[in-house]
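Here's the letter readout for the chains.
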Amino acid sequence: MARKFRILGWAEKRSRRQHRSRKAISTIMANLTMLVIVVSLSSLLFVWSISSFGAYTGGAGYWFSSRSIANQERPTVESVYFSKTGSTNNVVTIYVRNVGAVPITVASVYLNSTLYNIPQSPPLTVGVSQVQQVQLILSGQLWVKGDLQTITIATLRGTTTQTTWVP
Amino acid sequence: MSTIFGALFFVILILMGFNLMLWNFAQFDAYNRVITTMGLSDQQRSSEVLTFNPPGIMNTGSPFNFTVNNIGGVTSTIARIYVQNLAPLNVGSPCQGATGCIADPTGSPTFNNPNVKNGESFHVVKVTGIAIDNSGYRIIVATTRGNQFSFYFPWPSNLGGGSNSNSTNTAHGALDVKFDLNSFNFTRGTQTVPQQGWTVPYSTNVIWWVKVVNNAVNPIVLSKYTSLYFVCYQDRFGAGAGTGTCTETDLTYVVDNRTMNPGTIYQYDDVNRPYILPAAGPNGPTGSTTVKFGSFCPGQQTFDSNGNCVNGSPSPPQDVDFPTPYLVFMGFFYKVNGVIVGQTISFVAIRACATYPSCP
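Residues numbered from 1 in each chain as written. Chains lettered and ligands numbered in written order. Predicted model: local features only at pLDDT ≥ 70, side-chain atom pairs only at ≥ 80, totals over all residues.

### Here we look at the overall build of chain A
Logical step 1: Within chain A, the regular secondary structure consists of 1 helix and 8 strands.
Logical step 2: Element order for chain A, N to C, with α for helix and β for strand: α-β-β-β-β-β-β-β-β.
Logical step 3: Here chain A holds 167 residues, and 16% of them are scored as buried.
Logical step 4: In chain A, the proportion of contacts linking residues at least 24 apart, taken out of those at least 6 apart, comes to 59%. (Helix = DSSP H or I, 4+ residues; strand = E, 2+ residues; numbered from the N terminus. Buried ≥ 20, exposed ≤ 12 C-beta atoms within 10 Å, placed from the backbone. Contact = placed C-beta atoms within 7 Å.)

### Structural notes on the overall build of chain B
Logical step 1: Scanning chain B for helices and strands turns up 1 helix and 24 strands.
Logical step 2: Long-range pairs, those at least 24 residues apart, make up 63% of the contacts in chain B with a sequence separation of at least 6.

### Observations regarding the interface of chain B and chain A
Logical step 1: Chain B puts 30 residues into the contact, and the matching count from chain A is 30 residues.
Logical step 2: Those elements that place two or more of their residues in the side of chain B that touches chain A are α1 (2-46), β3 (76-85) and β8 (137-143) of chain B.
Logical step 3: Among the elements that take part in the side of chain B that touches chain A, α1(B) stands out by supplying 15 residues, more than any other.
Logical step 4: Looking at the side of chain B that touches chain A, its residues break down into 18 nonpolar, 10 polar and 2 charged. (Nonpolar A, V, L, I, M, F, W, Y, C, P; charged D, E, K, R; others polar.)

### Focus: the sheet that holds strand β1 (residues 75-85) of chain A
Residue and element names in this part refer to chain A.
Logical step 1: Strand order in this open sheet of 3 strands is β1-β2-β6, and the pairing throughout is antiparallel. In the strand order of this sheet, the two ends are held by β1 and β6 (131-137), each with one partner. Between one strand axis and the next, the sheet turns by 20° as a mean value, whatever way the strands run.
Logical step 2: Note that strand β2 (residues 88-98) and β6 share 7 bridges and pair antiparallel. Bridged to Y95 within β6 is Q133. (Pairing = 2+ DSSP bridges. Axes fitted to C-alpha atoms, helices over the stretch in contact; angles between N-to-C directions.)

### Here's the deal with the sheet that holds strand β2 (residues 64-70) of chain B
Residue and element names in this part refer to chain B.
Logical step 1: Read from one edge to the other, the open sheet built from 4 strands follows the order β1-β2-β7-β5, with strand pairing classed as antiparallel. Looking at strand neighbours, the two that pair on one side only are β1 (50-57) and β5 (110-111), the edges of this open sheet.
Logical step 2: For β1 and β2, the ladder comprises 4 bridges, and the chain directions are antiparallel. The residue of β2 that forms the bridge with T51 is N69.

### Topic: the pairing of strand β9 (residues 148-153) of chain B
Residue and element names in this part refer to chain B.
Logical step 1: Judged from the 6 bridges that link them, β8 and β9 form a sheet pairing that is antiparallel. What sits directly across from A142, in β9, is Q148.
Logical step 2: Linking β8 back to β9 in an antiparallel pair, the connection comprises 4 residues, with G146 at a positive phi of about 95°.

### A short note on the pairing of β1(A)
Residue and element names in this part refer to chain A.
Logical step 1: Burial analysis of β1 places 8 of its 11 residues in the buried class, the great majority of the element.
Logical step 2: Relative to β2, β1 is paired through 9 bridges, and the arrangement is antiparallel. Considered in β2, the bridge of S83 is made with V91.
Logical step 3: In textbook terms, the turn of a hairpin is the stretch between consecutive antiparallel strands, and for β1 and β2 this stretch comprises 2 residues, one of which, G86, has a positive phi near 65°.

### Concerning unusual backbone geometry
Logical step 1: The omega torsion across P54(B) and P55(B) is 5°, close enough to zero to call that bond cis.
Logical step 2: Topologically, P55(B) is positioned in strand β1.
Logical step 3: That bond from S62(B) to P63(B) is cis: its omega, -5°, falls within 30 degrees of zero.
Logical step 4: Looking at the secondary structure, you find P63(B) in the loop between β1 and β2.
Logical step 5: One non-glycine residue, S113(A), lies in positive phi territory at about 70°.
Logical step 6: Inspection of the secondary structure puts S113(A) in the loop between β3 (104-111) and β4 (114-117).
Logical step 7: Phi is positive for S203(B), close to 55°, though the residue is something other than glycine.

### Notes on the environment of L148(A)
All names here are of chain A.
Logical step 1: Inspection of the secondary structure puts L148 in the loop between β6 and β7 (149-155).
Logical step 2: Each C-alpha atom, one on L148 and one on P167, is 7.6 Å from the other, the two residues being 19 residues apart in sequence.
Logical step 3: Ignoring sequence-local partners within four residues, the contact set of L148 consists of T164 and V166.

### Topic: the environment of Y82(B)
Logical step 1: Looking at where Y82(B) falls in the secondary structure, it is placed in strand β3.
Logical step 2: Owing to 23 C-beta atoms within 10 Å, Y82(B) belongs among the buried residues under this scheme.
Logical step 3: Sequence separation between Y82(B) and A142(B) is 60 residues, and the spatial gap between their C-alpha atoms is 7.9 Å.
Logical step 4: Filtering out sequence-adjacent residues up to four positions away, Y82(B) remains in contact with E78(A), S79(A), G100(B), I102(B), I140(B) and A142(B).

### Focus on the nonpolar core
In summary, soluble globular proteins display a tendency toward joint burial of nonpolar side chains.
All names here are of chain B.
Logical step 1: The biggest cluster of nonpolar side chains holds 40 residues, and the ones touching the most others in it are W208, F293 and A352.
Logical step 2: Listed by contribution, the elements that provide at least two residues to this core are β12 (184-188), β15 (206-214), β16 (220-222), β17 (227-232), β18 (249-255), β20 (289-295), β23 (325-336) and β24 (339-353).
Logical step 3: Looking at this core, the element that brings in the most residues is β15, giving 7 residues.
Logical step 4: The contact partners of A352, leaving out residues within four places of it in the chain, are V200, P201, Y202, V320, F322, P323, T324 and Y326.
Logical step 5: Core analysis: the next-biggest nonpolar cluster, separate from the first, contains 27 residues, I57, I78, I102 and V116 among them. (Core = buried A, V, L, I, M, F, W, Y, C linked by C-beta atoms within 7 Å.)

### A look at the confidence of the model for chain B
Logical step 1: On average, residues of chain B score 83 in pLDDT, and 87% of them reach the 70 mark or higher.
Logical step 2: For this predicted complex, the interface score ipTM comes out at 0.73, alongside a pTM of 0.57. (pLDDT = per-residue confidence, 0-100.)

Right, here's the structure in full:
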């Protein structure tokens, strides 16, 4: 009889231990699973946010920096001389002053809407408070004494200034 | 554990967002600083105004001077002076060709006194190294802020059609009439306040009030023979139509300045009570003088029964006899610096109307 009770007691303990063991494994797995999910999602979010912020700061930084510099450009046309080659009215000499805060590079000149590209080797750079001469040899048009001549100066950064002169 | 990790990442993300926001603020701040600085610079640039004084260049040859006034809100600094010759036929004149003449404060040709304070007048700038002559030039004064101001030499004459002024010179002699709306007036009857004389009643005695100035550096004393000469011409379109060819001329002599209207004419005494026009100063005429006309005879003369002017008084009044337009010339005789001078001013046109004050 006593032996019978001992066997029953062992089985009961065994049964109780097995039950407690199953419960313990389930909790750990749940925690681990949640941890893995949170870490992986957070990592994804972290990587995404880093790349997004990087892209944003890169683009916005470039915009801010380029616009800031372009906004400091102030080219002005100080004087224009209209002269001749022989008897042909085809020479226009322009004096461009930089009254802005950054050096400028003259990219093109328009005379009455006709484009005259300025060679960029070497570039025609005008330092701050400096003045540079730009000479155009006209082709396809001539200046006419007494007629209004519209001259537009464009820089590499896209700043333009327009003036009108009468030869 | 996962809660801690989640919270940690959440905090990191919040910090990153906050960092991004701060970066954005810093960028905007830097950008706005540039905009503000350049805006201030643009404001100063737009408040620069330089003007020049006649005759532009004060002397030919080299060096030459000109004066400039700063009527803007900031001190201006002249960066360069460009001299362009505008006389293409004058081959021998300087400053022609592709580059003209350029005066730079650090080079040659050069100039002095580049800084012009705001409010400063007649600031003299001397340009050295460019010899100009009397052919036509355009002088462009460029400032360090990027503005250009220019004038022409010789100084353009102030022609009537292109004038922005309210008064225009009508003569190039010492004595001048400033032609404006109020420079030619008249009184009639017992009037003591003159009214504009562009239209007048005909066959009515009047006193003419004419405003003149003295451009000379010496005073002018008017002679008793100073007069207005009215020449009528046929009016084919107005109240005078049908009166035939008008051949009338009227001569109206100067009277004493106490004269207010045709009823009280004081004879002009050019010895004891002459009109004296004060000498002009460095800035031009010294005020203006109103000279009155209205006598049929000069000086202290009256006319006899034959209509001839003889010594005596009272001074006979004068009118215009036809309702037609008249051309009015002014014959001025005066003494300046002891010399007798005669000067004719082609002056104005008036209309004498039968229906005055309505002159259709």
